[in-house]
Amino acid sequence: MEDVQNPNNKEGNKNIIGSLFNGNNIFMLTNPSSYVFGSEDEDEDEDDDDDDNDTMETAIYWESQQALLQEILKQYRLIGSKVREGITRNVEGAREGNVCECSNPKVGGSSCAKCFRRRVVHHLSQKGFNATLCTSKWNHTSKMPGGRHEYIEVIASTQGRKKKVSLLIELEFRDEFKMAKTCKEYSKLISQLPEVFIGKSEHLNAIVRLMCDAAKRSTAQQRIHLGPWRKRNFMQMKWSANSEKRPVVVHIDYQITLSKLKQEVLLSDVRPASLEFPAGTAVKVA
C-alpha cells in the first residue's frame, strides 16, 4: 500500500508535478477511489463505506490538489514574466472600445469572444509580437464528441533563454473549468486560476490534468454525471499542437466624435492645427 502524498511535502509534490508535465499516469490522476490506495488492481470489494475514512481521504485529496496547483502556478509565473506583462497590457488595450465586428454582433455593444480574440492578435501584431490565431479541430469518436476551439499563440524571446518559446494565450481560461454544480473545494481551485492564461503548453497541460481530475472528483461527490466535454482528453484537444495557425487582419472603422477629439487634444496638449488623421478615419460631428 502506498502512503498518501503529504501536501506539505514540497519534494514529493515536485515529483508529482514532473509527472504532470511529462504526461505520466500517477495515482492522483487515476480513479479517485484509488487515490489513497494507489493501485487500481486492488480488490474493488474493499469496504469503502466507513464515513470517517472517506472524510479523511477526501480532505487529503483536496489538500494535495491545492498544494500541487500552487506549485504549478509558481513555475508558470517564473517563465516569461516580462513578456506576459507586455501581452497583458495589449489584452487590456484590446478591451477598450471593443466592438463586435462579426455578422451577429453581441447585444450591449461589447465584443463577442471571437471578435475579441482577433482584436487581441491585431493589437499584439501592431506592437511587434509574433502572434497568430490558432484553431484546433477534432472529430467525433465513440469516447469523445467532436469540436473546435480558438486560442492565440505568441512566439517570443524570454529572459535568460536564447531560443524563442511558444506562449499560448487563452483569454477565458478560468471559464473553461467552471461548472453549474461543484463542491466548494473545486470552486476554490478555479478561483486561483489566472483569468487569462499566458504561458507554455507544459504548464497549461499540467493545469488541465489537475483540474479535470478535480472535476471528476467534484461530480462524484455531488453524485452527478461528468459530461464527456469535461474530461481530460476532450479538454486537452482544445490546445492541440497540430492546430491550424493563421495571422489575423482586423478592419477597424475609426469613428471619433468631435467632443471626444477635443478632450484628447486637451489631455495630450497637442494643438488642433497639428492633428493628422490616418487614412480612412471618419470624424463624426455631433
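Residues numbered from 1 in each chain as written. Predicted model: local features only at pLDDT ≥ 70, side-chain atom pairs only at ≥ 80, totals over all residues. Heavy atoms only, no water.

Q: Please give an account of the packing of helix α3 (residues 81-95) against helix α4 (residues 113-126) that cites residues and values.
A: Relative orientation of the contacting elements α3 and α4 amounts to 125°, with a least axis distance of 9 Å. Comparing their axes, α4 and α3 come out oblique. Here the hand of the crossing between α3 and α4 comes out right-handed. On the side of α3, the interface is formed by Ile 87, Asn 90, Val 91, Gly 93, Ala 94 and Arg 95, while α4 contributes Phe 116, Arg 119, Val 120, His 123 and Leu 124. Residues of the contact of α3 with α4, tallied by class, amount to six nonpolar, three polar and two charged. (Axes fitted to C-alpha atoms, helices over the stretch in contact; angles between N-to-C directions. Helix = DSSP H or I, 4+ residues; strand = E, 2+ residues; numbered from the N terminus. Parallel < 35°, antiparallel > 145°, perpendicular 65-115°, else oblique. Left-handed = near helix turned anticlockwise from the far one by under 90°. Contact = heavy atoms within 4.5 Å. Nonpolar A, V, L, I, M, F, W, Y, C, P; charged D, E, K, R; others polar.)

Q: Tell me what's going on with α4, and back it up with residues and numbers.
A: For α4, spanning 14 residues, the distance from its first C-alpha to its last is 20 Å, which sits close to the expected 20 Å at 1.5 Å a residue. Those residues of α4 that fall on the buried side of the exposure criterion are Cys 115, Phe 116, Arg 117, Arg 118, Arg 119, Val 120, Val 121, His 122 and Leu 124. Just beyond α4, the residue with positive phi is Gly 128, at close to 95°. (Expected span 1.5 Å × (residues − 1). Buried < 20%, exposed > 50% of the residue type's maximum accessible area, 1.4 Å probe, protein only.)

Q: Any details on the nonpolar core? Residues and values, ideally.
A: Counting residues in hydrophobic clusters, the biggest one holds 50 residues, and the most contacted among them are Ile 87, Ile 152, Ile 169, Phe 177, Tyr 186 and Met 211. With nine residues, helix α6 (residues 201-222) is the largest single contributor of residues to this core. Excluding residues within four positions of it along the chain, Tyr 186 makes contact with Trp 62, Phe 177, Met 179, Met 211, Ala 214, Ala 215 and Ser 218. (Core = buried A, V, L, I, M, F, W, Y, C linked by side-chain atoms within 4.5 Å.)

Q: Got a sec to walk through the pairing of strand β1 (residues 130-138)? Specific residues and values, please.
A: Counting buried residues along β1, seven of its nine residues qualify, which places the element largely inside the surrounding structure. Pairing between β1 and strand β2 (residues 147-156): nine bridges, direction antiparallel. Counted as the bridge partner of Ser 136 is His 149 from β2. (Pairing = 2+ DSSP bridges.)

Q: Provide a residue-level description of unusual backbone geometry, including the pertinent values.
A: Here Arg 223, not a glycine, exhibits a phi torsion of approximately 60°, which is positive. Here Arg 223 shows up in the loop between α6 and α7 (232-237).

Q: Give a description of the pairing of β2 that names residues and reports values.
A: Extensive coverage of β2 is indicated by the burial of seven of its 10 residues. With five bridges connecting them, β2 and strand β3 (residues 165-170) associate as antiparallel partners. Following the sheet pairing, Ile 155 is matched in β3 by Ser 166.

Q: Give me the confidence of the model for the chain: which residues, what numbers.
A: Mean pLDDT for the chain: 75, with 61% of residues reaching 70 or above. Predicted confidence in the chain is weakest over strand β6 (residues 255-257), with a mean pLDDT of 35, and strongest over strand β4 (residues 197-199), with 97. Counting contacts from residues 1-5, a segment whose pLDDT is below 50, to residues more than four positions away or on other chains yields 15 contacts. (pLDDT = per-residue confidence, 0-100.)

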